[in-house]
Amino acid sequence: MSDFDIIVIGAGPAGSAAATWAAKHGARVALVDKAAFPRNKLCGGLFTERSRNYYREIFGQNFDLSKSVTRHDIAFWHAGAELAVLRDIPPLHLTMRLDLDNTLFRHAIDAGAVDFSGHPIAQISDNAVTFKDGNTLSAPILIGTDGVNSIVAKHLFGAAFYTETIGFGLEIEVPKATQNPTKNQLRIDFGALTWGYGWSFPKQQCTTVGVGGMRAPNPDIKAQMRHYIDTLGLDPDAIKFKGHHLPFGDFRKTPGRANIVLAGDAAGLVDPITGEGIAFAMKSGQIAAQAALDALAAGAPETTLTRHKIGLRDMHKNLRIARTLRRIIFAPRWQETFTETFRRSETVRAMYMRLLAGDLEYPQLARAVVARLPRYVVNAFRR
Ligand SMILES: Cc1cc2nc3c(=O)[nH]c(=O)nc-3n(C[C@H](O)[C@H](O)[C@H](O)COP(=O)(O)OP(=O)(O)OC[C@H]3O[C@@H](n4cnc5c(N)ncnc54)[C@H](O)[C@@H]3O)c2cc1C
């Protein structure tokens, strides 16, 4: 007899969603994290309406917005010039991950998951985890939601990600009391990185400033971050920033093996255009949990991966289309064309906005792009 039905490894948005969903549906769940909560996570903390909808569905309540800032306006910049300011856009909620993740983690424990946070793992096998203190937990199904540096992915595939295709982000929290870098503008800067962008997200106590994008074409991201900070009127030498990998379109076609499945960043589920990952982490956690519940009900834990892959089909399809479309936005040879089109076309701006706000799915966008944009952009798909 195993100690639990499911061990969820990693209690970020993906793990807390998986543990909540599985525990709510009667499974015996262990929720493991090396960190004790509340803990921080490097992130812009942009929580879209897509996230809000998934949150409601998975956690069974409305997201409490009292600690967030909700904005209905955004500015887009390129190379130090303002391209456009959009108003009356779908709401964008700016959260602090310390609060957000703690809330999600508490929901999982309230749903009945057993708390193994603050327990670093020494070893993983196909049916068990052993902690550094020597204690072991066993279960027929493991869900790996331990982020971009996933030790579960390493156990399965030998490495957590591929260095050529992974993304990277650098960020700082600028305290509101000391300076306000962009006159309180919620701001996106195209071109702050090659194959990526910069952001400035005003929150209640601070402004989160960062750059993120593909790692390989940006060998000196720190210099680019310093330059970006400088363009915002901040002193780059006075600010220490932190970095974190980001699976920016680097999703795993096979997210697991038999009874072990991956979700969230561990499965590479981050939007390759907007960098949104929280919504996909929560949703894929729920999908993994449902696959585990169905496999347990069938008495066949080894079928969890097959079920999980079926559950992820729509998400994978969206991410595949996004990866194709991002050439138009980020490829250096198309960047000027894109920013020019963005400045002139209200339709393109509105679409990008709906995408960022989680209000538009990629198949819809792809159809609109093919129908509306000039032929040379269409040709970019074929290269
Ligand atoms: C700079 C930057 C900015 C971003 N901005 C946004 C944004 O504004 N909006 C958005 O939607 N997304 C954003 N993202 C993406 C988003 O942060 C991730 O997609 C999201 O956090 C993924 O959730 P997760 O639960 O899969 O992983 P994580 O949030 O990384 O959680 C993983 C958990 O696993 C635990 N863990 C790790 N290793 C182990 C181990 N060995 N043993 C046990 N536990 C372990 C960690 O402590 C952590 O609690 C950003 C990412 C970066 C890097």
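Look up a bit, the structure's there.
Everything quoted here is computed from the prediction, not taken from an experiment.

> Just to check I follow, could you spell out the sheet that holds strand β8 (residues 128-131) for this structure?
Across a sheet, paired strands are connected by hydrogen bonds in the backbone, their directions being either parallel or antiparallel. Strand order in the open sheet made by the three strands is β7-β8-β9, with antiparallel pairing throughout. On the outer flanks of this sheet lie β7 (121-124) and β9 (136-138), each paired with one strand and no other. Neighbour-to-neighbour, the strand axes of this sheet turn through a mean angle of 20°, independent of strand direction. Direction of pairing for β7 relative to β8: antiparallel, over a ladder of three bridges. By the bridge assignment for β8, Ile-124 is matched with Val-129.

> It is not clear to me how the nonpolar core should be interpreted in this structure. Could you clarify?
Within soluble globular proteins, side chains that are nonpolar tend to cluster in buried spots. Residues Ile-74, Phe-76, Ile-188 and Met-353 are the most contacted members of the largest nonpolar core, which totals 44 residues. Contributing elements (two or more residues each) for this core: β4 (69-78), β5 (81-94), β12 (187-190), β13 (196-202), α8 (313-330), α9 (332-344), α10 (346-356) and α11 (362-372). Both domains that meet at this core, namely domain 2 (46-95 + 167-246) and domain 3 (328-382), each give it at least three residues. Not counting residues up to four positions away in its chain, the partners in contact with Ile-188 are Ile-74, Ala-75, Phe-76, Trp-77, Tyr-197, Gly-198, Trp-199, Phe-201 and Leu-356.

> Which parts of the structure should I look at to understand the packing of aromatic side chains?
The geometry of two aromatic rings is summed up by the distance between their centres and the angle between their planes. Overall, the coordinates contain 18 aromatic pairs when judged by the stated rule. Ring geometry for Phe-116 against Phe-131: centres 5.9 Å apart, planes inclined by 20°, an arrangement best described as stacked. Here Phe-116, found in strand β6 (residues 114-117), pairs with Phe-131, found in strand β8; they are 15 residues apart in sequence, far enough to count as distant. Residue class for Phe-116 comes out buried when judged on its relative accessible area of 16%. Centre to centre, the rings of Phe-190 and Phe-342 are 5.3 Å apart; their planes meet at 75°, and the pair counts as edge-to-face. On the criterion of sequence distance, the pair formed by Phe-190 in strand β12 and Phe-342 in helix α9 is long-range, its members being 152 residues apart. Residue class for Phe-190 comes out buried when judged on its relative accessible area of 1%. Given the relative accessible area of 0%, Phe-342 is considered buried. Following the ring pairs from residue to residue traces out a cluster consisting of Phe-76, Phe-190, Phe-338, Phe-342 and Tyr-352.

Definitions and cut-offs
- Residues numbered from 1 in each chain as written.
- Predicted model: local features only at pLDDT ≥ 70, side-chain atom pairs only at ≥ 80, totals over all residues.
- Heavy atoms only, no water.
- Pairing = 2+ DSSP bridges.
- Helix = DSSP H or I, 4+ residues; strand = E, 2+ residues; numbered from the N terminus.
- Axes fitted to C-alpha atoms, helices over the stretch in contact; angles between N-to-C directions.
- Core = buried A, V, L, I, M, F, W, Y, C linked by side-chain atoms within 4.5 Å.
- Buried < 20%, exposed > 50% of the residue type's maximum accessible area, 1.4 Å probe, protein only.
- Domains from an automatic or database assignment.
- Contact = heavy atoms within 4.5 Å.
- Phe/Tyr/Trp six-rings, centres within 6.5 Å; stacked < 30°, edge-to-face > 60°.

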